Every structure is written in structure tokens, then in C-alpha cells.
2 protein chains.
Amino acid sequence: MPPSETPGLYLDDLQVGQRFESGALQVQRDDILRFAREFDPQPFHMDDAAARDTLFGGLAASGWHTAALTMRLLVDGGLPLAMGIVGAGGEVTWPCPVRPGDTLRVRSEVMEIHASASRPDRARVSVRSQTMNQNGEVVQTTLAKLLVLRRPQS
Amino acid sequence: MPPSETPGLYLDDLQVGQRFESGALQVQRDDILRFAREFDPQPFHMDDAAARDTLFGGLAASGWHTAALTMRLLVDGGLPLAMGIVGAGGEVTWPCPVRPGDTLRVRSEVMEIHASASRPDRARVSVRSQTMNQNGEVVQTTLAKLLVLRRPQS
């Protein structure tokens, strides 16, 4: 590996259809409450009894918490990009709530690679990720537009 | 207000073009580091020196942190829905990074209201939100698909 190179994948190493799988991460009840208190203090994310009578039918993690946990799984090797995971945005869906004690993992696939016309050292890469719980239910999907760089010239 | 009614807006109260504005929230450097350590431990979100040589050109908040802070501003009155802010998903972009010390606020607008064909008590409401810093730069846009209920019949 040349001195300027970082471990992990560069644009040169990616192709459409390539797949990745993350490790696993268990969500504790206290994590759900702590995230909700700071960022999304609504009854269905904070209180069992109050959550029971809502659309969620019981305590559920904030969707943004699910998104943050998914990011952690991707950064921890679920999407091993050399220069890191840098997103300009994308689409997100939450088909199914995350419950206390759920164990999450993420499967990702490269969907499109758009070379930059003006900057030959980079491309916009669309990556679809599915976050699943221990029962194989999809709790989140994202279609992220990532900025990925070519391997530096040595 | 009938006993079964909660303060805030119901579907009956919403119309396309309606606008809302949140309060303000300042992001501290320590908040950026703490969120990054837990959810997005990449150099540009954790270390000034390392961030300088990246695409961010300096320490920047995780996009998911910006999203979580935006949610907090919406829950704290930026989008005063009676039954809470319940999203099935949507689109997000991060046009500009959030820096330590930035003060954020959110402007939202109702874009579309789709009545449910099967459940007359609810509709899917598309809300566009722009999160801005103290200089008026847009740091995040979302187009969220929210589930909004009609006022309960008394």
C-alpha cells in the first residue's frame, strides 16, 4: 500500500451490484429513552404506557435513532470506504419500528456510480441499505448519495 | 376543547402552503463530538486537525446529528401537531456542514395532503423543512411523509 493510501475501498474498487454486510448491534431500552429525551421527546419514544395507545402500540425508537445506529454499523465496517462515508443526502423509510432489545444489522448494495464530469478524482455512488432486526424484518431502508474518491496517484 | 382532544393541530387544521417556524438551538462543539463518538465516529466529525484535510475542511457535525437536532426543533413547537410527528420516511439533503457554535432553526411548509382511501381518519401529509444556520445558510432540507390524524369525533 503506498504511503498516502488508507485501508478500505476506493472508487476504483467499487462496482454496481457489490454487496456488504455489517456486524450486529443490540439496542437497549435505556438507549432509546436517552436518544428520545435529547432529540425526539415524544410519548411513543419515552414511555411504555403512553406509547401503548399510539400508532406504535408500544415503546419504539425514534426513526432518527434507527438512522444513527445504522450509520454506526456502516462506519464500523458495514461499508468499508477508505476515505469514510460522506453523504450529500438520500431517501429514508421506516417500515417497521425498532423495539427495546432488538438486534440490528445492515445489508448494503452499490446501485449506481456516477462519475463527476468536472472532478475526475470522484464520483457520486448510490448505495441502498436495509437495516434489519433479529427476525429479519426491515426497520429502515436508505438510498444514500455518497461522495467517493479514486485511489490517490502515487 | 373536548376531553379527548390534545393541544396542537389536527389534519382538519392543515392546508397546503401553511408555514411554521421553530425556535433556535445552538450546537456546541462537545455535542458534535459526543454524537460522533456514539453514532458516526469518523475523523471529520471528531478531530479538528484530521478534519482539516478532508472534504469538510474542518470539524463538522454528522448529518444524522443535524437531522436529530432538526427533529428536536420540530417537536419543541416547530411543527405543532396534536398527535405528534410520526414519519414513514422521506428525503434528506445536507447542502452545507454544521459547525461548532452554529445556531439552527427550521422553517417548514405543508406541500401535499393525501387522504387515505381506506382509513378516513388519517392522511399522509408531505412537509418540507429547511434547517438554517445563523447566516441563513441551509444546512439540511427534508421532505417528510407524515401520518396525521383527524380531530377525534366528540
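Residues numbered from 1 in each chain as written. Chains lettered and ligands numbered in written order. Predicted model: local features only at pLDDT ≥ 70, side-chain atom pairs only at ≥ 80, totals over all residues. Heavy atoms only, no water.

### Some thoughts on the interface of chain A and chain B
One frequently used descriptor of interface size is the decrease in accessible area upon assembly of the parts. Listed per partner, the contact involves 34 residues of chain A and 34 residues of chain B. Both sides together, the interface formed by chain A and chain B hides about 2900 Å², and carbon and sulfur atoms give 65% of it. Counting the surface chain A buries against chain B, the share from its top three residues, Phe39(A), Leu55(A) and Trp64(A), is 24%. Viewed at the interface, chain B and chain A are joined by two salt bridges. Two residues, Glu38(A) and Arg34(B), come together in a salt bridge whose shortest N-O distance is 2.9 Å. Elements supplying a minimum of two residues to the side of chain A that touches chain B: helix 1 (29–39), helix 3 (63–78) and strand 2 (87–93) of chain A. Split by residue class, the side of chain A that touches chain B holds 19 nonpolar, seven polar and eight charged. (Contact = heavy atoms within 4.5 Å. Buried area = accessible area lost by both parts, 1.4 Å probe. Salt bridge = Lys/Arg side-chain N within 4 Å of Asp/Glu carboxyl O. Helix = DSSP H or I, 4+ residues; strand = E, 2+ residues; numbered from the N terminus. Nonpolar A, V, L, I, M, F, W, Y, C, P; charged D, E, K, R; others polar.)

### Looking at the packing of helix 1 of chain A against helix 4 (residues 63–78) of chain B
At a minimum axis distance of 8 Å, the contact between helix 1 of chain A and helix 4 of chain B shows a crossing angle of 65°. Taken together, helix 1 of chain A and helix 4 of chain B sit at an angle that is classed as roughly perpendicular. Residues Phe35(A), Arg37(A), Glu38(A) and Phe39(A) of helix 1 of chain A form the contact with helix 4 of chain B, whose participating residues are His65(B), Ala68(B), Leu69(B), Met71(B) and Arg72(B). (Axes fitted to C-alpha atoms, helices over the stretch in contact; angles between N-to-C directions. Parallel < 35°, antiparallel > 145°, perpendicular 65-115°, else oblique.)

### Description of the nonpolar core
Within soluble globular proteins, side chains that are nonpolar generally end up buried alongside one another. Core analysis: the largest hydrophobic core is formed by 68 residues, its most contacted members being Phe35(A), Leu79(A), Phe35(B), Leu79(B) and Leu146(B). Filtering out sequence-adjacent residues up to four positions away, Leu79(B) remains in contact with Phe20(B), Leu74(B), Ile85(B), Val127(B) and Leu146(B). The next biggest cluster of nonpolar side chains, apart from the first, holds five residues, and it includes Phe44(A), Phe56(A), Ala60(A) and Val86(B). (Core = buried A, V, L, I, M, F, W, Y, C linked by side-chain atoms within 4.5 Å. Buried < 20%, exposed > 50% of the residue type's maximum accessible area, 1.4 Å probe, protein only.)

### A closer look at the relation of the copies chain A and chain B
Overlaying chain A on chain B yields an RMSD of 0.0 Å, the required transformation being a rotation through 180° with an accompanying axial translation of 0.0 Å. Taken together, these values place the two copies in the relation of a two-fold axis. Relative to the rotation axis, the closest C-alpha in chain A is found at Glu91(A), a distance of 2.2 Å. When the interface residues of chain A are mapped onto chain B, 100% of them again fall at the interface, so both copies present the same face. (Least-squares fit on C-alpha atoms with pLDDT ≥ 70 in both.)

### Considering the pairing of strand 2 of chain A
Here six bridges tie strand 2 of chain A to strand 5 (residues 138–149) of chain A, and the two strands are oriented antiparallel to one another. Residue pairing across strands places Gly90(A) opposite Ala144(A), the latter belonging to strand 5 of chain A. Examined bridge by bridge, strand 2 of chain A and strand 2 (residues 87–93) of chain B share five bridges and lie antiparallel to one another. Counted as the bridge partner of Gly89(A) is Thr93(B) from strand 2 of chain B. (Pairing = 2+ DSSP bridges.)

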